[in-house]
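Structural description and commentary
Take a look at the letters that make up each chain.
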Amino acid sequence: MTSATSESSVNEIAALVKKAARGAGYTWSLADEAAYAVAWLCHRGLDGAGAMASHLKHVQGLDLATVRLQSLQQPWVGGPNGLCALACGTALTDALHIELRDLRIDHVISPYLLLPFLAYRNEQLSKRRMRVQCTHLLTPAFEAELISTEALTSVTLSHNSSSNPTEASTLNENESPTANCQILSVDSPSAMSEQPSRVHRTTLGKDELDVLNRLAAMTYAPATEASRQGAGAGTTDND
Amino acid sequence: MKADSSKTSEVAALLTESTSANITYPSNAAAVRLRPADTVMQLDRLGSLHQCRLSFMRQMTRRMAAERWRFSRPEFNIDNTGVGYAVYTAHYPGGEASLIAFAHDLPDELRSDRVIAEQWDTTFTLFNGQPTKEDIERLRKNVPKQEAGRLSEKELTLSRANRSVRLWETVVAALASGQQPDETALQGVGYLMRTTAVYGSGKFGAADREQLLAEPTTARLFTAPFSVEMLTVYLIRTFVRDLINHAARCAGGSRAVTLAPELARGLGIGNSTGLGMAPFLINHPVLIHNWINARETAIARVRAVEVVHEQAVSMVSTLLKNQLRDAQHDHSQHPIQQKKQRALVDDLQRLINFILQPSSKQPFFWNAVMDWANDHLSLEGQECLASLLLEPYPELVDDLSLGMHDSVSHSQRIDGSQSVSEVTELLKTSFSWAQSIDWQSEPATARCWYVSEEKLEPRLGERYEEPLSDYEQPLAPARDAVAAINALQNWADETTIAEVLVAEPQHRRAVQRAQWGRYAPYGEIRSNTIDADMMPIDLLRAKLSFFGATRFDPRSDRWVRICLYPGAPYPEELNTDNADRWIYPIH
């Protein structure tokens, strides 16, 4: 981050993200999921708040119905606006009963935000090593290996150009910052590594914080005569 | 009164397991019959709850005494004008926590007990450990600003309090002149200072609750809900007593006397609570289940006591008389509370007569009393009785405090494999009563919970009079559950809910709450939280009763004053003999 940063508690940022996601147009329920995802990432020392700020800034103003998953049937392919990572993520954990072996999600917006949901799925189903490969289009590419919700063995972010230049070259800067995401199960059971301790603090750049605060403010109702009367104390509240 | 033998045998015969979402209690502990959630979770009953052995303040004082906590006051740097800071440290087994109190010179015209005020007489933080000079300097720049300041992971709470205008100056003047203040006046108010907020977990940069629970020492201490807040208020009360003695010494010099211990002990810390607290009960269904379930299990265990000893009857009788005197001296000015209090006085008088009858020697006497109360008393009387009946039985009740936190809901996600028919059943388990409400009618949806831009606090507005619906907070689970039930009728019974939620994600929250209901049946309020006649103070009262609050004094239908820790021993007095039933005032 280039701008000034501030330190926050993870709960504080998760609460802000919930409001910001609602402000960006998600239902309160998906806003809860956004907070869940950010807390999960932050607890593992990852930049969940920054990733969510970018995501919300991107989807704000979109008709979110156009980036929803339309069906659990594979393949999961987004339309012109891409597929929302939160919608895909919640579907991944809702549909634990459906085998989604070697799932490929094409054109997913903010694939980084899939990680908390993939980790949950993997822990519930197999605790086997899962490899997530995201080939970038405009967002940073990354690879992650997950064992369980607690053990994220590696996340490799790459800010380099796409491993698939052909795909990248079809995009221009006005298009969605989406990626193609391949989720691979690796058959060998993982050796359970020691549970890493959680991180309870997170830093956030001023720009990202401004984005979240601005979107959160969209959930606040303009003052009315009734609201100015306060929480019900009446005219005198001093004794 | 003759016992209903069919009911008593039913209790004796029933052996069911009771669970909080965290812990399964052994079924052999007692024969248990729990009151159904459809009864207990009605809002008017929740608005009649009383403190009990499981209340968080009482858990805290019992623990401090049992573990022989030591308390010290390493710093008290308050000048003659009442400005400065003080540090109070609680030394618990394996660690320390310190209240850092800042005292300010607040002009009278700026004193307000509204949460949205910007200056206060005193401001506080609870610090994890003992603060260094650098910590205090950092906090001096931030704590007085409250919401506008920043805390670090070393801080656990943030709070503030104002002097009681009715009492402070007159008490200082009396003590300064060498006189004790008028006891009746002290009792009439009940506190020298009143907090307007005690913020906990992660707020304004403070440590997250999860961080405390990750450390074995603090996890052991602070797993119980609101325990850091309860410790904060306990230490604030000690500081306030010391501050008024200091003020009297500054004003009166050698003539001044300190506040007599018996007078000081009767004083608590006031608290003003408005709508900001109201959404909590709706937003934390699993936690609320664990609170209610603990109390209901305790009640059921006591009802299942077959042989009720004379000492137990005597104790309950004494406490009923004590509560009666307290209720007769109720100081509330508000018609809502006055009406409830009148009913309570009448109930308590009838209960005292009922309990003293010879029938107390019958088997399962408490069960008979509860059944009689259910048929003859107001909700206030019923719930006051239920709480008092727990007093003689610490061995049946106190272990339930271990299951009152929520350690599961953050990790419980939707089970998408459930079928439409299964989820519909779950929705109806908590909300079948709501299906008969006409959700198209204005009275049923008259209210709208929202957060105001101006104050950033929860508010309750009139949906059809103000443009608020676009800003509605998700605090009407009954309406949303019925909408989900109706939507699911359009899907085949065997369809999985995962498929439904891809197409209709707007019902996701209702589905999740319904599934939580499988292990948190007391999690959902069985009343319409947006009805035109809904009383927000019922939500406040329910939560505050679990804190252990007393002296409920509503200022309107959505704002209430209470008292915390009146009667409690101060740190230097605390021992295992006085750590528990201090909450019942001695008349």
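For clarity, every value in this text was computed on a predicted model and none was experimentally measured.

Right, let's get into the overall build of chain B. In terms of regular secondary structure, chain B is built from 23 helices and 11 strands. Expressed as a percentage of its 587 residues, the buried residues of chain B come to 63%. Once local pairs closer than 6 in sequence are excluded, the contacts in chain B between residues at least 24 apart make up 74%. Accessible area of chain B: about 22,400 Å², with a carbon and sulfur share of 50%.

If you tally the helices and strands in chain A, you get 8 helices and 10 strands. Considering chain A as a whole, with its 239 residues, one finds that 54% of them fall into the buried category. Of the contacts made within chain A by residues no fewer than 6 positions apart, 75% connect residues no fewer than 24 positions apart. In the structure as shown, chain A presents an accessible area of about 10,100 Å², 50% of it carried by carbon and sulfur atoms.

All names here are of chain A. Averaged over every residue, the pLDDT of chain A is 76; the share at 70 or more is 65%. Across chain A, element-level confidence peaks in helix α1 (residues 10-23) with a mean pLDDT of 97 and bottoms out in helix α6 (residues 165-169) with 32. Across residues 147-154, confidence stays below pLDDT 50; counting only partners more than four residues off in sequence or on other chains, it has 37 contacts. Scored below 50 in pLDDT, residues 156-176 makes 31 contacts in the model with residues more than four places away or belonging to other chains.

All right, on to the interface of chain A and chain B then. Each partner contributes residues to the interface: chain A has 47 residues there, and chain B has 63 residues. Carbon and sulfur atoms make up 47% of the surface buried where chain A meets chain B, a total of about 4,500 Å² over both sides. Counting the contacts that link chain A with chain B gives 5 salt bridges. Its salt-bridge partner being Asp32(A), residue Arg509(B) comes within 2.4 Å of it at the nearest N-O pair. Between chain A and chain B we count 22 residue pairs in polar contact (both at pLDDT 80 or more) in total. Among the secondary structure elements, those contributing two or more residues to the side of chain A that touches chain B are β1 (5-9), α1, α2 (28-43), α4 (85-94), α5 (115-125), β10 (220-221) and α8 (225-228) of chain A. The dominant element in the side of chain A that touches chain B, judged by the number of residues it contributes, is α2(A), at 6 residues. Residues belonging to the side of chain A that touches chain B are distributed by class as follows: 17 nonpolar, 18 polar and 12 charged. Here 2 bridges tie β10(A) to strand β8 (residues 447-452) of chain B, and the two strands are oriented parallel to one another. Paired with Tyr220(A) across the bridge in β8(B) is Val451(B).

Below, the discussion takes up the pairing of strand β6 (residues 191-199) of chain B. Residues and elements named next belong to chain B. By the criterion of burial, β6 is predominantly enclosed, with 8 of the 9 residues buried. As paired elements, β6 and strand β7 (residues 268-273) share 3 bridges and run parallel to each other. Bridging across to β7, Thr 195 finds its partner in Asn 271.

How two aromatic rings sit relative to each other is given by the distance of their centres and the angle of their planes. Residue and element names in this part refer to chain B. All chains considered together, the criterion is met by 23 aromatic pairs over all chains. Ring pairing ties together the aromatic residues Trp 69, Phe 71, Tyr 92, Phe 222, Tyr 234, Tyr 565 and Trp 582, which thus form one cluster. Here the guanidinium or amino end of Arg 241 rests over the ring plane of Tyr 570, the centre of that ring lying 4.3 Å away. The residue whose ring lies beneath Lys 543 is Phe 280, and the NZ or CZ to ring-centre distance is 3.9 Å.

A few words on the packing of α1(A) against helix α7 (residues 206-217) of chain A. Residues and elements named next belong to chain A. The geometry of α1 relative to α7 is characterised by a closest axis approach of 7 Å and an angle of 60° between their N-to-C directions. Relative to α7, α1 is oriented oblique. Pair α1 / α7 crosses with left-handed handedness. The segment α1 lies against α7, with Leu 16, Val 17, Lys 19, Ala 20 and Gly 23 engaging Leu 209, Leu 212, Asn 213, Leu 215 and Ala 216. Split into classes, the residues belonging to the contact of α1 with α7 amount to 7 nonpolar, 2 polar and 1 charged.

Among the nonpolar cores identified, the biggest contains 160 residues, and Leu231(B), Phe239(B), Trp366(B) and Tyr565(B) are the most heavily contacted of them. With 12 residues, the single largest contributor to this core is helix α10 (residues 227-252) of chain B. Apart from the residues lying within four places of it in its own chain, the contact partners of Phe239(B) are Phe76(B), Ile78(B), Ala86(B), Tyr88(B), Leu99(B), Ala101(B), Ala103(B), Thr122(B) and Phe124(B). Counting residues in hydrophobic clusters, the runner-up holds 67 residues, among them Leu86(A), Ala91(A), Ile105(A) and Tyr120(A).

Pairing within the open sheet is mixed, and its 3 strands lie in the order β10(A)-β8(B)-β9(B). Strands at the two margins of the open sheet, each flanked by one partner only, are β10 of chain A together with β9 (458-462) of chain B. By the bridge criterion, 5 bridges tie β8(B) to β9(B) in an arrangement that is antiparallel. When the sheet's bridge partners are listed, Tyr450(B) is paired in β9(B) with Arg459(B).

Residue pairs spaced three or four apart in an α-helix point in one direction, given the helix's 3.6 residues per turn. Spanning 16 residues, α2(A) covers 22 Å between terminal C-alpha atoms, matching the ideal 22 Å at 1.5 Å per step. Gly45(A) occupies a position one or two residues after α2(A) and carries a positive phi of about 75°.

Residues and elements named next belong to chain B. Strand order in the open sheet formed by 9 strands is β1-β2-β3-β4-β5-β6-β7-β11-β10, with mixed pairing between adjacent strands. Single-partner strands in this sheet number two, and they are β1 (70-78) and β10 (550-556). Each neighbouring strand pair of the sheet contributes to a mean axis angle of 25°, computed without reference to strand direction. As paired elements, β1 and strand β2 (residues 84-92) share 7 bridges and run antiparallel to each other. Each residue of the ladder has a partner; that of Phe 71, found in β2, is Ala 90.

Evaluation of the coordinates by the stated rule reveals 48 salt bridges over all chains. Its salt-bridge partner being Asp106(A), residue Arg104(A) comes within 2.7 Å of it at the nearest N-O pair. On the basis of relative accessible area, Arg104(A) is assigned to the partly exposed category, the value being 36%. Across the pair Asp135(B) and Lys154(B) runs a salt bridge whose closest N-O atoms are separated by 3.0 Å.

Parameters and conventions
- Sequence positions are assigned chain by chain, starting from 1 and proceeding in written order.
- The lettering of chains begins at A and the numbering of ligands begins at 1, in the order of writing.
- Note on the predicted model: pLDDT of at least 70 is required for a residue's local features to be given, and 80 or more for side-chain atom pairs to be given and counted; whole-chain, interface and lining totals, by contrast, use all residues.
- Computation of side-chain values covers all heavy atoms of the structure but excludes hydrogens and water.
- Helix numbering and strand numbering both begin at the N terminus, where a helix is a DSSP run of H or I of at least 4 residues and a strand a DSSP run of E of at least 2.
- Relative accessibility under 20% of the residue-type maximum defines a buried residue, over 50% an exposed one, and the middle range a partly exposed one, all with a 1.4 Å probe and only protein chains included.
- Any two residues whose heavy atoms approach within 4.5 Å are treated as being in contact.
- Where accessible areas are quoted, they stem from the Shrake-Rupley method and a 1.4 Å probe; at the residue level, only the protein chains shown are allowed to cover.
- Residue-level confidence of the predictor is summarised by pLDDT, bounded by 0 at the bottom and 100 at the top.
- Buried area, as used here, totals the accessible surface that two parts lose on assembly, with accessibility defined by a 1.4 Å probe and the loss added over both.
- By salt bridge we mean one thing: a side-chain nitrogen of Lys or Arg within 4 Å of a carboxyl oxygen of Asp or Glu.
- Here a polar contact is recorded for every N or O atom pair within 3.5 Å, except that within protein the pair must consist of a potential hydrogen donor and a potential acceptor, and residues adjacent in sequence are included only if both atoms are side-chain atoms.
- Think of it as three bins: nonpolar holds Ala, Val, Leu, Ile, Met, Phe, Trp, Tyr, Cys and Pro, charged holds Asp, Glu, Lys and Arg, and polar takes everything else, Gly as well.
- When DSSP finds two or more bridges between two strands, those strands count as paired.
- Two rings from Phe, Tyr or Trp (for Trp, the six-membered ring) form a pair when their centres sit within 6.5 Å of each other. Planes less than 30 degrees apart are called stacked, planes more than 60 degrees apart edge-to-face, and all others tilted.
- Counting as a charge over the ring demands two things of the Lys NZ or Arg CZ atom: a distance within 6 Å of the ring centre and an angle within 35 degrees of the ring normal.
- Between the N-to-C directions of two axes lies an angle of 0 to 180 degrees, each axis being a line fitted to C-alpha atoms and, for a helix, fitted only over the stretch in contact.
- For classification, angles of less than 35 degrees are called roughly parallel, those exceeding 145 degrees roughly antiparallel, those between 65 and 115 degrees roughly perpendicular, and all remaining angles oblique.
- Definitions for this section: a left-handed crossing has its near helix turned counterclockwise from the far helix by less than a right angle. A right-handed crossing has that turn clockwise.
- In this text, buried Ala, Val, Leu, Ile, Met, Phe, Trp, Tyr and Cys residues form a nonpolar core when linked through side-chain atoms within 4.5 Å.
- How far a helix is expected to stretch is found by multiplying one less than its residue total by 1.5 Å.

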